[in-house]
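Close look at the chain arrangement
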Amino acid sequence: MDFLASLLRRFPQGRVLVDTASKLAYECDGFPLHRRLPLAIVVPRSTEDVRDIVKLCNEHGVAFVARGAGTGLSGGATPGDRPTVVLALAGMRELVRFDPDDRVAVVQPGLVNLDLSVAIQDSGLCFAPDPSSQKACTLGGNVAENSGGPHCFKYGMTTDHVVGVTLVTADGTVRHLREGDGADLLGLVPGHEGTFGILTELELRLVPAPQKIRTWLAAYSDMSAACRAVSRIVGSGVVPAALEILDELTIRAVEASVYAAGYPQDAGAVLLIELDGSHLAVDTDTAVIESILAEEPPLTLEATEDAEQRTRLWKGRKGAFGAMGRLAPDLYVLDGVVPRSKLERVLQEICEIGRTHEVTLSNVFHAGDGNLHPNLSFDGRDPIQRARALEAGREILALCVREGGSISGEHGVGSEKLEHMEFMFASHDIEIFRAVKACFDPKGLCNPHKAIPTGASCKEGASAKAPGVLGAH
Amino acid sequence: MHTDASERIVPLEPRDQVVVEDELELAEFLRDCDARKEACLPVGFASREGFGAPVDESVRRVSLRKLAGVSRFAPDDLTCGVRVGTRWSDLLATIEAEGLTLESGPIHAAAHRSVGGVFAEAPPNPRGHDRGALRSQIIGLRAMDGRGAEFRSGGRVVKNVAGYDLCKLFVGSGGAYFAALELELRLVALPRTIACVRSKPMPRNDASALWIELRRTLPDTRSIDLVLASDGSACVEFVVAGAPALVTARAKLDAFEVIAEGQAAWHRAPDSLDAAPLIMRGRMRPSRIDDFMKWMPLEARGRVHFQGAFALGIDGTVPPALEATVGFARVLRGPRGMLLTTLVDDAIETRLFRVFGTCFAPGRISFDTSTPPTPTRASNHG
Ligand SMILES: Cc1cc2nc3c(=O)[nH]c(=O)nc-3n(C[C@H](O)[C@H](O)[C@H](O)COP(=O)(O)OP(=O)(O)OC[C@H]3O[C@@H](n4cnc5c(N)ncnc54)[C@H](O)[C@@H]3O)c2cc1C
């Protein structure tokens, strides 16, 4: 029996989608420069469903890829360049178990990040990783990408909050990996970008929800002053929950959009600082932050402990990518990292690269940990603009690595950055990574040609390039 | 200077192992093992073996103690690079001189521990329950596989998701996969004020109830331990750090007293399990603490950390019922063959050994009661 017939026999109508309209909805994720129609979309409801799909793929030699909400920004959930089945996991969204004493929650992978914290809010606990996409992205996607977010400066990345997983590996074996259980195979899983198997259950660590939150918006005349304030704060030993900067162009785009947050439009940069924790901890650290702000005085300063005001201050930051839609039809969000002490200088060089390639470049970034998001706005219908944006992106990531940093702080390599892996890793490193993947996926069926260059072509991913459409965010 | 009882442990004499002078010599040694199909085990100062861990005489040990020194230190970026043979205490002395430290570390911060050994062994550590667990502190790694070829994973910045995270595979591996050469670490500011606060001794059941209660209600702690004494009593101990006003307020709890302050509180390593014939470490779910205590022999001493990781010294044998209540444990020191199983039965684990060459000896000695193993290979140590 052929593959599709076997799938249709195993799953009831409506859970195997092969019509073109459905396929179009799954042809790319939040990185619209790579796109390809899937062979089929299957909607599993349980670990057993996933196991059966994967076994069928294995028997028929068909590639497969997991998809959560499709908000990934590096092409991770996009079908590859061979016929690929998409496992649409967004429907597996149960909170399976919540154990406040052990501070853990067991969830299905399709549960939306924010929904977990909302579901347990009465317990005084929360799930700390908070990608800006947290209203939409799934926890399975977060674990697969090892996602960060504004508050990972204090609380760490998703990997620091994963205690156990159920993973269906590429041969259809269901594996349970837990912290402290034999070798730390669990530690390999966050950031595997869906290339080891399909996550069907996650045991996540919870932290106490903050009793008090204090947020400042400091508007500076230029980027250098904002970066200096960040250095002083980090040097003081106080660990804010978040330290985020938006540059001049971003401020203007945000203020002209539905995400307007009241940021001063004459500022060269705004710095968002947030402290959270117990009442006492926030009060004692507030004194330190305020003395630093007195030494590095902003043009204007707003501070609040009010939830509504806080939401307003964050609205501009969280909506920044969306607001970029005003600048050009397409957006290429980069994700380079540099040592924090080099932020100021590297940002100047990045702007220079933008000027050289004549692309519109704005910056929104996690300043505390040096994770930059240079945003390149362009019109993908124009092949020249498109080529310039890609080349500027390549130069910026090469610069980040030259300065001792990384090509990706949180968005993953996906199909987007395969070519850039050689900036960071030698060929033997890549061979080891490939061999590690083969331990989980010997036939190379699970999200092939993602995260790690396969050596099939040094221009991997290029085959899937098609004209970009409107920036996804 | 960080001292504690385990400094008394004498490391193995160099004649028991090959001490390589540099990385070239290590590469040659590994290629030789590979060619002869002999198993090898990287060690630092071999203090684990001095501590009583079983030794398999057929495994060639190679000490990396001379691959030492802090190779890169960027205080402004809160990162440093350190070679694996560096003494843990030397690393701490270097970074603490600049007002920085590691969020978590072993409670027995003995001089004879190498940095590589600490991460490879990943002993239970009290701090880092909400952030900064031991395994999160390695941000990059340079290592050598079993064919003597060098490779890297991670990088030098605190945030990085490019490439698979092989740093995690090193943490707790017991040296099973590859020989790490140099680690890149994430640092934190040494808190301005630190206090270690302890309750009075009390019956064990009262102490475990208090431990559960404080875990739920006491904010701003860096650790909360349940400490078991060999006389059958127990107490609760916690570390609080930060601004002086915060520390003073949190340290003021009825029937508790401050037993150490400043760096002494941060590095406090008060329990010695030295004399115990059986030393066991593992992890249990805190919600099962009552079962755990029910089966715990009265003379057992040691501590249970916030997340349920524990290290205990026991005079007799491990009661079978206790095994059933813990998720995972391994015996560090004990009569040979007792409860020692090498977990190489998992297909992926076995395949991973092969990725890095086959000469490294499986370093993990475990028993796992949550999913009973059916080993395909007999224990090395039985
Ligand atoms: C506006 C916007 C803001 C963003 N902000 C942030 C941010 O602050 N920080 C950040 O880190 N990211 C951010 N992102 C990126 C993205 O939201 C994250 O990478 C997120 O974790 C992806 O989740 P998802 O459910 O959408 O996963 P998808 O995009 O569906 O998939 C991402 C990858 O995970 C794999 N995957 C998904 N589910 C599973 C599973 N169950 N098992 C195995 N593999 C799986 C996929 O195959 C794919 O490789 C942002 C994106 C947008 C659009």
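Just so it is clear, the model here is predicted, and its values are computed rather than measured.

Digging into the overall build of chain B
- For chain B, the count of helices and strands is 11 helices and 19 strands.
- Counting the 382 residues in chain B, one finds 62% classified as buried.
- In chain B, the share of contacts with a sequence separation of at least 24, taken over all contacts with a separation of at least 6, comes to 74%.
- A total accessible area of about 13,700 Å² is found for chain B, and carbon and sulfur atoms account for 51% of it.

Quick look at the interface of chain A and chain B
- Contacts between chain A and chain B engage 81 residues on the former and 61 residues on the latter.
- The contact between chain A and chain B buries some 5,600 Å² in all, and 57% of this surface belongs to carbon and sulfur atoms.
- Interface area lost by chain A to chain B is led by Asp 101, Asp 102 and Cys 439 of chain A, which between them contribute 11%.
- Counting across the interface, chain A meets chain B through 3 salt bridges.
- The shortest N-O distance in the salt bridge between Arg 285 of chain B and Glu 203 of chain A comes to 3.0 Å.
- Take the side of chain A that touches chain B: its biggest share by element is 10 residues, from helix 16 (residues 427–440) of chain A.

Section: the pairing of strand 14 (residues 233–242) of chain B
Residues and elements named next belong to chain B.
- Among the 10 residues that make up strand 14, 10 are buried, leaving the element largely enclosed by the rest of the structure.
- Residue alternation in strand 14 divides its side chains into two sets, Ser 233, Cys 235, Glu 237, Val 239 and Ala 241 and Ala 234, Val 236, Phe 238, Val 240 and Gly 242, and both sets are buried.
- Bridge count for strand 11 (residues 193–199) against strand 14 is 6 bridges, and the pairing is antiparallel. Looking across to strand 14, one finds that Cys 196 is bridged to Val 239.
- Here strand 12 (residues 202–203) runs beside strand 14; their pairing, made up of 2 bridges, is antiparallel. Residue pairing for strand 14: Pro 203 is matched across the bridge by Ser 233.
- Judged from the 7 bridges that link them, strand 13 (residues 221–228) and strand 14 form a sheet pairing that is antiparallel. Residue Val 227 lies in a different strand from strand 14, and its bridge partner there is Cys 235.

Focus: helix 11 (residues 307–318) of chain A
Residue and element names in this part refer to chain A.
- If you check helix 11, its first and last C-alpha atoms are 15 Å apart, about what 12 residues at 1.5 Å a residue would give, namely 16 Å.
- Along helix 11, the residues that are buried comprise Arg 310, Leu 313, Trp 314, Gly 316 and Arg 317. For helix 11, the angular spread of buried residues about the axis comes to 145 degrees, placing them on one side. Pointing more than 90 degrees away from the buried face of helix 11 are the exposed residues Glu 308 and Thr 311.
- Its side-chain oxygen 3.2 Å from the backbone nitrogen of Glu 308, Asp 306 forms the N-cap of helix 11.

A word on the sheet that holds strand 10 (residues 197–205) of chain A
Residues and elements named next belong to chain A.
- Pairing is antiparallel across the open sheet formed by 5 strands, whose spatial order is 5-6-10-8-9. The open sheet terminates on both sides in strands that have one partner only, identified here as strand 5 (95–99) and strand 9 (174–178). Across the sheet, the axes of successive neighbouring strands diverge by a mean angle of 15 degrees, strand direction being ignored.
- Bridge analysis of strand 5 against strand 6 (residues 104–107) gives 4 bridges, and the strand direction is antiparallel. Across the sheet, the residue bridging to Asp 99 is Val 104, located in strand 6.

Some points on the nonpolar core
- Residues Val 436 of chain A together with Leu 183 of chain B are the most contacted members of the largest nonpolar core, which totals 138 residues.
- At 8 residues, the largest contribution of residues to this core is made by helix 8 (residues 223–235) of chain A.
- When near neighbours in sequence (up to four residues on either side) are disregarded, Leu 183 of chain B contacts Cys 80, Gly 81, Val 82, Val 84, Val 115, Phe 119, Ile 138, Gly 140, Leu 141 and Phe 170 of chain B.
- Judged by nonpolar contacts, the second largest core, of 33 residues, contains Leu 228, Val 304, Val 318 and Val 326 of chain B.

With respect to the domain arrangement of chain A
- Domain annotation of chain A identifies domain 1 (2–91), domain 2 (212–323) and domain 3 (353–359 + 378–457).
- Placing a centre on the C-alpha atoms of domain 1 of chain A and another on those of domain 2 of chain A gives a separation of 41 Å.

Structural notes on helix 11 (residues 347–355) of chain B
All names here are of chain B.
- Those residues of helix 11 that fall on the buried side of the exposure criterion are Ile 348, Glu 349, Leu 352, Phe 353 and Val 355. The buried side chains of helix 11 occupy one side of the element, clustering within an arc of 155 degrees when seen end-on.
- Just past helix 11, the residue Gly 357 takes up positive phi, approximately 95 degrees.

Basis of the calculations
Residues numbered from 1 in each chain as written. Chains lettered and ligands numbered in written order. Predicted model: local features only at pLDDT ≥ 70, side-chain atom pairs only at ≥ 80, totals over all residues. Heavy atoms only, no water. Helix = DSSP H or I, 4+ residues; strand = E, 2+ residues; numbered from the N terminus. Buried < 20%, exposed > 50% of the residue type's maximum accessible area, 1.4 Å probe, protein only. Contact = heavy atoms within 4.5 Å. Areas by Shrake-Rupley, 256 points an atom, 1.4 Å probe, with all protein chains shown as cover. Buried area = accessible area lost by both parts, 1.4 Å probe. Salt bridge = Lys/Arg side-chain N within 4 Å of Asp/Glu carboxyl O. Pairing = 2+ DSSP bridges. Expected span 1.5 Å × (residues − 1). Arc of directions from axis to C-beta. Polar contact = N/O pair within 3.5 Å; in protein donor to acceptor, adjacent residues only side chain to side chain. Axes fitted to C-alpha atoms, helices over the stretch in contact; angles between N-to-C directions. Core = buried A, V, L, I, M, F, W, Y, C linked by side-chain atoms within 4.5 Å. Domains from an automatic or database assignment.

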